[in-house]
There are 2 protein chains.
Amino acid sequence: MNTSADAPLGNIEILAPLCSVFRRFLKERNLRYTQERADVLDAVMATDGLFEAEGLLAEVRARSAHTVSKATVYRTLRLLQEAGIITPTLIDPKQTHYQLVYGRTPADTLVCMETGQHVALRSAEIEALRNKLAEEHGWTVTGHRFVIYGISPDASTNTRPDPSA
Amino acid sequence: MNTSADAPLGNIEILAPLCSVFRRFLKERNLRYTQERADVLDAVMATDGLFEAEGLLAEVRARSAHTVSKATVYRTLRLLQEAGIITPTLIDPKQTHYQLVYGRTPADTLVCMETGQHVALRSAEIEALRNKLAEEHGWTVTGHRFVIYGISPDASTNTRPDPSA
DNA sequence: GTCGGTGCAAATGCTTTGCATTGAT
DNA sequence: ATCAATGCAAAGCATTTGCACCGAC
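What counts as what
Note that residues are indexed from 1 along each chain, following the sequence as it is written. Chains and ligands are labelled by the order in which they are written, letters from A for the one and numbers from 1 for the other. Owing to the predicted nature of the model, reporting of local features is limited to residues with pLDDT of at least 70; listing and counting of side-chain atom pairs is limited to 80 or more, with chain, interface and lining totals taken over all residues. Note: side-chain values were computed over all heavy atoms of the structure, leaving out hydrogens and water. By the criteria applied, helices consist of DSSP H or I runs no shorter than four residues and strands consist of E runs no shorter than two, each listed in order from the N terminus. Classification of residues uses two cut-offs on accessible area relative to the type maximum, computed with a 1.4 Å probe and protein chains only: under 20% is buried, over 50% is exposed, and between them is partly exposed. In this description, contact between two residues means that some pair of their heavy atoms is separated by no more than 4.5 Å. Surface accessibility in these figures is a Shrake-Rupley result with a 1.4 Å probe; residues are shielded only by whichever protein chains are displayed. The copies were overlaid by least squares, fitting only the C-alpha atoms of residues that reach a pLDDT of 70 or more in each copy. Here a Phe, Tyr or Trp ring, Trp counted by its six-membered ring, pairs with any other such ring whose centre lies within 6.5 Å, and the pair is stacked when the planes are under 30 degrees apart, edge-to-face when over 60, and tilted otherwise. Whether a residue is near a molecule or strand depends on its heavy atoms: it is near if one of them lies within 4 Å of it. Polar contact criterion, stated in full: a pair of N or O atoms within 3.5 Å, where within protein one must be able to donate a hydrogen and the other to accept it, and residues adjacent in sequence count only if both atoms are side-chain atoms. Only Asp, Glu, Lys and Arg are considered charged in this grouping, and only Ala, Val, Leu, Ile, Met, Phe, Trp, Tyr, Cys and Pro are considered nonpolar; every other residue, Gly among them, is considered polar. Note on definitions: buried area is the accessible-area loss of two parts on being combined, 1.4 Å probe, summed for both. Put simply, a salt bridge is a Lys or Arg side-chain nitrogen that is within 4 Å of an Asp or Glu carboxyl oxygen.

Asker: How do you make sense of the overall build of chain A when you look at a structure like this?
Answerer: Helix and strand content of chain A: 6 helices and 6 strands. Each of the 165 residues in chain A was classed as buried or not, and the buried ones make up 47%. Put simply, 57% of the contacts in chain A that link residues at least 6 apart link residues at least 24 apart. On chain A, roughly 8500 Å² of surface is accessible, and the fraction owed to carbon and sulfur atoms is 49%.

Given below as structure tokens:
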């Protein structure tokens, strides 16, 4: 429940240097590139679209034999954020979701209210609109988040999923 | 820290019937219209733009002499949500923010990364873009959330606020 | 008079932190 | 060797819930 369906992401040319970006970031701060941090970054790269801490922990554990603690996952998520590799996405008030952003405009998302499925979007128009609106108010833009809630074709095909929402 | 600057909201013609809307909603569900619920709704109407639970509690206590508990504020927030009067806004991963939505398109927001200040926006273009994007993916839209992060003119005027972020 | 509502305090669940041990450089 | 990172378990917070008493209908 933490990956999207047909997200056009997962660009390998972009993913490869992520590891170096992270290492460089760590070195700059006199922090160490550890096995655990590498494992977490790998798991992040394996997700395409969105993920949250708990799911990432599961992913880390599934991919590598090492045990990585929840605390380390959270600590690494913070570093990845500071390194500009991921960004929080605020889809769900109960949990923080993140997405890979390094090397691309933060993807906007389409979230299904019934299945929880999400699809990452990209649209230059969003950015243009954002810039226009901020400018009208005299603000300097640093970023944005655009989430569209809806019913996915998959969900509307099925009879009647869980109505608790 | 829970109200906006120049939000063009706070429309009295819309606010007046809110109370009846809420009463009708409660009656339909065989729930009671209590003093505490009225106080919370009043406080919600007094905010223009965004608010969160803790701030709302303070507002309730400031406006009415009655004591309303935190639990009741949270319980009432849920009812107001179910009544379609407010909606969660997801600006901050640590706390749920809400906004009044009854009778209007949910306002989109401009959030200042330095001062925390926020301004509610309205733009038909956002909605149009939203509909277009969802349609392209074959989804049925039920709503959206658009948050622009930036630096407000107020903040950029000041020398150098808190750089922790 | 009857349920539903309220306040309080305890419970939850995500996220963060203190501390002793382990490990990258 | 040194200094930071890890894991664990405990602490922190926003939010929710159980329960006994109170109040709207």
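We are not done yet, so read on.
Asker: What is the right way to read the relation of the copies chain B and chain A from this model?
Answerer: Applying a rotation about an axis and a shift along it to one chain copy brings it onto the other copy. Overlay of chain B on chain A (RMSD 0.2 Å): rotation 180°, translation along the axis 0.0 Å. The operation mapping one copy onto its partner corresponds to a two-fold rotation axis. When each C-alpha of chain B is compared by its distance to the rotation axis, F146 of chain B comes out closest, at 2.2 Å. Taken as a fraction of all interface residues of chain B, those also at the interface in chain A reach 97%, which identifies the copy contact as same-surface.

Asker: Is there a simple way to explain the packing of aromatic side chains in this structure?
Answerer: Pairs of aromatic rings are described using the distance from one ring centre to the other and the angle between the two planes. All names here are of chain B. Using the criterion set out here, one finds 5 aromatic pairs over all chains in the structure. Here F22 and F25 contribute two aromatic rings whose centre-to-centre distance is 6.4 Å and whose plane-to-plane angle is 10°, an arrangement assigned as stacked. Separated by 3 residues within a single helix, F22 and F25 lie in helix α1 (residues 12-28), roughly one turn from each other. Using a relative accessible area of 10% as the deciding quantity, one classes F25 as buried.

Asker: I'm lost on the protein's contact with DNA strand D in this one. Help?
Answerer: Inspection of the region around DNA strand D gives 22 residues, with T67, S69 and T72 of chain A together with R32 and Y74 of chain B positioned closest. Protein-proximal atoms of DNA strand D, defined as those within 4 Å of the protein, fall in sugar or phosphate at a share of 70%. Within the contact set of DNA strand D, a base nitrogen lies 2.5 Å away from a side-chain nitrogen or oxygen of R32 of chain B. Here a phosphate oxygen of DNA strand D and a side-chain polar atom of Y74 of chain B are 2.4 Å apart. Listing elements by their share of the surface near DNA strand D, those giving two or more residues are α2 (35-46) and α4 (70-82) of chain A together with α4 (70-82) of chain B. At 5 residues, the largest contribution of residues to the surface near DNA strand D is made by α4 of chain B. Looking at the surface near DNA strand D residue by residue, the class counts come to 7 nonpolar, 6 polar and 9 charged.

Asker: Could you clarify how one ought to interpret the interface of chain B and chain A in this entry?
Answerer: The parts lose accessible area when they come together, and the size of an interface is often stated as this lost area. Listed as interface residues are 38 residues of chain B and, on the opposing side, 37 residues of chain A. Of the roughly 3300 Å² buried where chain B meets chain A, counting both sides, 70% is carbon and sulfur surface. On the chain B side of the interface with chain A, the three residues burying the most area are L90, W139 and Y149 of chain B, jointly 22% of the side's total. Across the contact surface, chain B and chain A share 2 salt bridges. A salt bridge links K132 of chain A to E125 of chain B; the shortest N-O distance between them is 2.6 Å. Summed over the shared surface of chain B and chain A, the number is 8 residue pairs in polar contact (both at pLDDT 80 or more). Mapped onto the side of chain B that touches chain A, the elements with two or more residues apiece are β4 (108-112), β5 (118-121), α5 (124-136) and β6 (140-151) of chain B. Broken down by element, the side of chain B that touches chain A gets its largest block of residues, 12 residues, from β6 of chain B.

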